[in-house]
Amino acid sequence: MDTGKNYILGVYSDEDVLIKAVKKVKGAGVKIEEVFSPFPVHGLDEALGYKRSRLTIVAFMFGALGTTLALTMQFWMLGVDWPMIIGGKNFASLPTFVPVTFELTVLLSALGMVGTFFAVSNLKPYKQPRIFDVRITDDKHVMAIDLATNSSKKDAIKKVLQDSGAVEVNEKTFE
Amino acid sequence: MEVVSSVRTPLVTSGKTVADVTEDICIRVEAAPPKTWMLAVLASLLLLGFGGFTLYYTIWDGIGMWGLNKTIGWAWDITNFVWWVGIGHAGTLISAILLLFRQKWRMSINRAAEAMTIFAVLCAAFFPLIHMGRLWVGFYWVLPLPNTFGSLWVNFNSPLLWDVFAISTYFTVSLVFWYLGLIPDFATIRDRAKNKVSKIIYGALSFGWTGGAKDWSRYETVSLILAGLATPLVLSVHTIVSFDFATSVIPGWHTTIFPPYFVAGAIFSGFAMVLTLMLITRKVYKLEDYITIGHIELMNIIILVTGSIVGIAYITEFFMAWYSGVPAEQYAFLNRMFGPYSWAYWTMMTCNVISPQLFWFKKIRTSLVATFILSIVVNIGMWFERFVIIVTSLHRDYIPSSWAKFSPTLYDIGDYVFTFGLFFTLFFLFAKFFPVINMAEVKSIIKAHTTTEKGEK
């Protein structure tokens, strides 16, 4: 996404108009690079044709890892490595291991999922983001169209955007 | 023109637009703080300083500085610990459980409530750490690290160790959840920033967020799963705290009702603290359009419900003590009611069982003054609940010759004051430098949940 140079931006101020516009622009054969919004717009990912995020699977796998690690750790430490008699009970017993197992499952699942999200979305403290329009984080939705990936003429794309209900159509060039 | 439901109460009033949300919240971060803020921070720092002084002596001379004795080995320290952890339950409950229940009114209060949760858990964790005496070797005692101080590994059968895992997991997951919500809002402040320093700082804090649809889609999935993970976590934390008592054989502690009873009490006190802080923040920052009387009423209803559960739990405890036929149990409960600490018991009953019942009246639960007073009364009551459970169950030991009483020293009080200083200092800093309302979430409901005084948009 960070490769293009010349963009045409359609600015929208209403999320319902935006979703209809996405369908219209796609219908006109224009390839949309990405749509930026100040808040999550429901149905936008569907309109853009994005698939459901697979981060849920990541969360499950990290959770399973947490369960396995916690159980292995506790059984090995108290059952194998250094068995201790505590109140004459079994060296290692599953019921008393449940709380720590639960906590480590949740911990690894949460951290693993959020870490993966930061990695796949390339979010990090020292990132210099490409800001198409500073009003994106305020109240405007912006549809970015990369000229390099579209065969249509600049003016034709502008016309499509204007017809779709954009309040402004701008050009943006990155160095 | 937008159709406005006449049945549904609007969540945001005065016809605020999306741009108004940005302006109203960001201005608090950008503008110079009001004088009242300066005074509030100064007062908190004074508490912190006084607490720091007593804390220094508690660590240097050891916990003998506290009023503990041979019979009462746990008193204010554990009382304060459980009290703070309880307060720390509201934030994640609001953001996780209410998200799963699709309660949109959570959106304007979750940010500050989660901040409060994180700071309260920090204050809570402080007491067991100090109670270890030599906290610089505490790592070996609480974490599964190989060591040569006696037994090689930590004891995973001990509820105190479960607590270590429960509190630290809860703290970490709450912090991650809170931070994730802050990222888009930090990006808003970054894009509005006029001077270079704040642009760099908020730029780093925002992790380079741009608001792309792909990122929002992932963000929403992550929030939902985190809410799903945090929901059992919230319920587990106070359950495990209650195991510290419930798995022992001390009369008055040895009851199976403790986990649900503690969780209800935690939500009860947590919401009370949220109200105490939110009513002040709302007033000082003029957020009446975002935190409406409707929000306050809903929170008061939660206080009423959980307060009633707590009341039933108290009565059930008494019934079970009588029904068990165990003289030691029966004595422990009669001693609570009529013994030397009966004043603490009746304070608890008045504050926790009787006072929340006032919220049955709509006039009271929609009154700001009444809500503010009652929210403080509830937290006084909840502190006494923990004090009653801990001290009255211990002070009459098995042999009458070891019966004792507890009175706090300056160091007990000072260490408690320290956590107040810490809590309020952190909260005021948060209120100045962080957006106090989750802007991105509130913006997403503006279209459907705002009143349109202007008629049309």
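To start, this report covers the structure provided alongside it. Note that residues are indexed from 1 along each chain, following the sequence as it is written. Naming scheme: in the order in which they are written, chains are lettered from A and ligands are numbered from 1. Local features in this predicted model are restricted to residues of pLDDT 70 or higher, and side-chain atom pairs are both shown and tallied only at a pLDDT of 80 or more, whereas totals for entire chains, interfaces and linings draw on every residue. Hydrogens and water are ignored here; the side-chain numbers use all heavy atoms of the structure.

**Notes on the overall build of chain B**
Here is step 1 of the chain: When helices and strands are tallied, chain B shows 17 helices and zero strands.
Here is step 2 of the chain: In terms of principal-axis extent, the alpha carbons of chain B reach across some 80 × 50 × 40 Å.
Here is step 3 of the chain: Only protein chains enter the accessibility calculation, which uses a 1.4 Å probe; a residue is then buried when its area is under 20% of its type maximum, exposed when over 50%, and partly exposed in between. A total of 457 residues make up chain B; the buried ones form 58% of that total.
Here is step 4 of the chain: As displayed, chain B offers around 18,400 Å² of accessible surface, 72% of which is attributable to carbon and sulfur atoms.
Here is step 5 of the chain: Measuring between centres, the 32 positive side-chain charges of chain B sit 6 Å from its 26 negative side-chain charges. Comment: elements are numbered from the N terminus, with helices defined as DSSP H or I runs of at least four residues and strands as E runs of at least two. Working definition of accessibility: Shrake-Rupley area with a 1.4 Å probe, residue cover restricted to the visible protein chains. We score Asp and Glu as negative and Lys and Arg as positive, and we do not count His or the chain ends. By convention, the charge on Lys lies at NZ, on Arg at CZ, on Asp at CG and on Glu at CD.

**Some details on the interface of chain A and chain B**
Here is step 1 of the chain: Contacts between chain A and chain B engage 60 residues on the former and 53 residues on the latter.
Here is step 2 of the chain: Whenever a carboxyl oxygen of Asp or Glu lies within 4 Å of a side-chain nitrogen of Lys or Arg, that contact is scored as a salt bridge. At the surface where chain A touches chain B, the tally comes to zero salt bridges.
Here is step 3 of the chain: Whenever a nitrogen or oxygen atom comes within 3.5 Å of another N or O atom, the pair is scored as a polar contact, on the condition that within protein one atom can donate a hydrogen and the other can accept it, and that pairs from neighbouring residues in sequence are kept only if both atoms are in side chains. Counting every contact that joins chain A to chain B gives 19 residue pairs in polar contact (both at pLDDT 80 or more).
Here is step 4 of the chain: If you list the elements that add at least two residues to the side of chain A that touches chain B, you get helix H1 (15-27), strand S2 (34-36), helix H2 (44-48), helix H3 (55-81) and helix H4 (94-120) of chain A.
Here is step 5 of the chain: For the side of chain A that touches chain B, the element with the most residues is H4 of chain A, which contributes 17 residues.
Here is step 6 of the chain: For the side of chain A that touches chain B, the residue count by class is 37 nonpolar, ten polar and 13 charged. Contacts are assigned to residue pairs with any non-hydrogen atoms lying within 4.5 Å of each other. Classification used: nonpolar for Ala, Val, Leu, Ile, Met, Phe, Trp, Tyr, Cys and Pro, charged for Asp, Glu, Lys and Arg, polar for all others including Gly.

**Side note on the packing of aromatic side chains**
Here is step 1 of the chain: Paired rings are identified among Phe, Tyr and Trp, the last through its six-membered ring, by centres lying within 6.5 Å, and are further divided according to the angle between planes into stacked (under 30 degrees), edge-to-face (over 60) and tilted (the rest). Considering all chains together, one arrives at 65 aromatic pairs over all chains under this definition.
Here is step 2 of the chain: Ring-over charges, as used throughout, are those where CZ of Arg or NZ of Lys falls within 6 Å of the ring centre and within 35 degrees of the ring normal. The ring of Tyr50 of chain A carries Lys214 of chain B above its face, with NZ or CZ at 4.7 Å from the centroid.
Here is step 3 of the chain: Stacked on the ring of Tyr341 of chain B, the Lys or Arg Lys405 of chain B has its end atom at 5.1 Å from the ring centre.

**Observations concerning the nonpolar core**
Here is step 1 of the chain: Among buried residues, the Ala, Val, Leu, Ile, Met, Phe, Trp, Tyr and Cys ones that are joined through side-chain atoms within 4.5 Å form a nonpolar core. Of all hydrophobic cores here, the largest spans 183 residues; its most connected members are Met143 of chain A together with Trp84 and Leu226 of chain B.
Here is step 2 of the chain: Domain boundaries shown here were taken from an automatic or database domain assignment. Built from parts of two domains, this core gets at least three residues from each of domain 1 (6-52 + 133-173) and domain 2 (55-120) of chain A.
Here is step 3 of the chain: Residues contacting Met143 of chain A, with those up to four places away along its chain left out, are Ile8, Leu9, Gly10, Tyr12, Ala21, Val22, Val25, Ile32, Glu34, Val35 and Leu161 of chain A.
Here is step 4 of the chain: In this structure, Leu9, Phe132, Ile136 and Ala144 of chain A belong to the second largest nonpolar core, which totals nine residues.

**Quick look at the pattern of salt bridges**
Residue and element names in this part refer to chain B.
Here is step 1 of the chain: Following the criterion strictly, the structure yields 18 salt bridges over all chains and no others.
Here is step 2 of the chain: Across the pair Glu297 and Arg365 runs a salt bridge whose closest N-O atoms are separated by 2.9 Å. In this pair, Glu297 sits in helix H11 (residues 293-324) while Arg365 sits in helix H14 (residues 362-365), placing the two residues 68 residues apart along the sequence. Residues Glu297 and Arg365 agree in their burial class; the two are buried.

**Observations regarding the sheet that holds strand S1 (residues 6-12) of chain A**
Pairing between sheet strands relies on hydrogen bonds along the backbone, with the strands arranged either parallel or antiparallel.
Residue and element names in this part refer to chain A.
Here is step 1 of the chain: Paired strands are those between which DSSP finds at least two bridges. On the basis of which strands lie adjacent, the open sheet formed by four strands has the order S2-S3-S1-S4 and antiparallel pairing. Taken across any chain shown, the strands that pair with only one partner, and hence form the sheet edges, are S2 and strand S4 (168-173). The mean inter-strand angle of the sheet, taken between neighbouring strand axes irrespective of direction, is 25°.
Here is step 2 of the chain: As paired elements, S1 and strand S3 (residues 141-146) share six bridges and run antiparallel to each other. Looking at the pairing, Ile8 lines up with Ile145 of S3.
Here is step 3 of the chain: Throughout, an axis means a line fitted to C-alpha atoms (over the contacting stretch in the case of helices), and angles, computed between N-to-C directions, take values from 0 to 180 degrees. Most of the contacts of helix H5 (residues 154-163) go to S1, to which it runs at about 15°, and overall it touches S1, S3 and S4.

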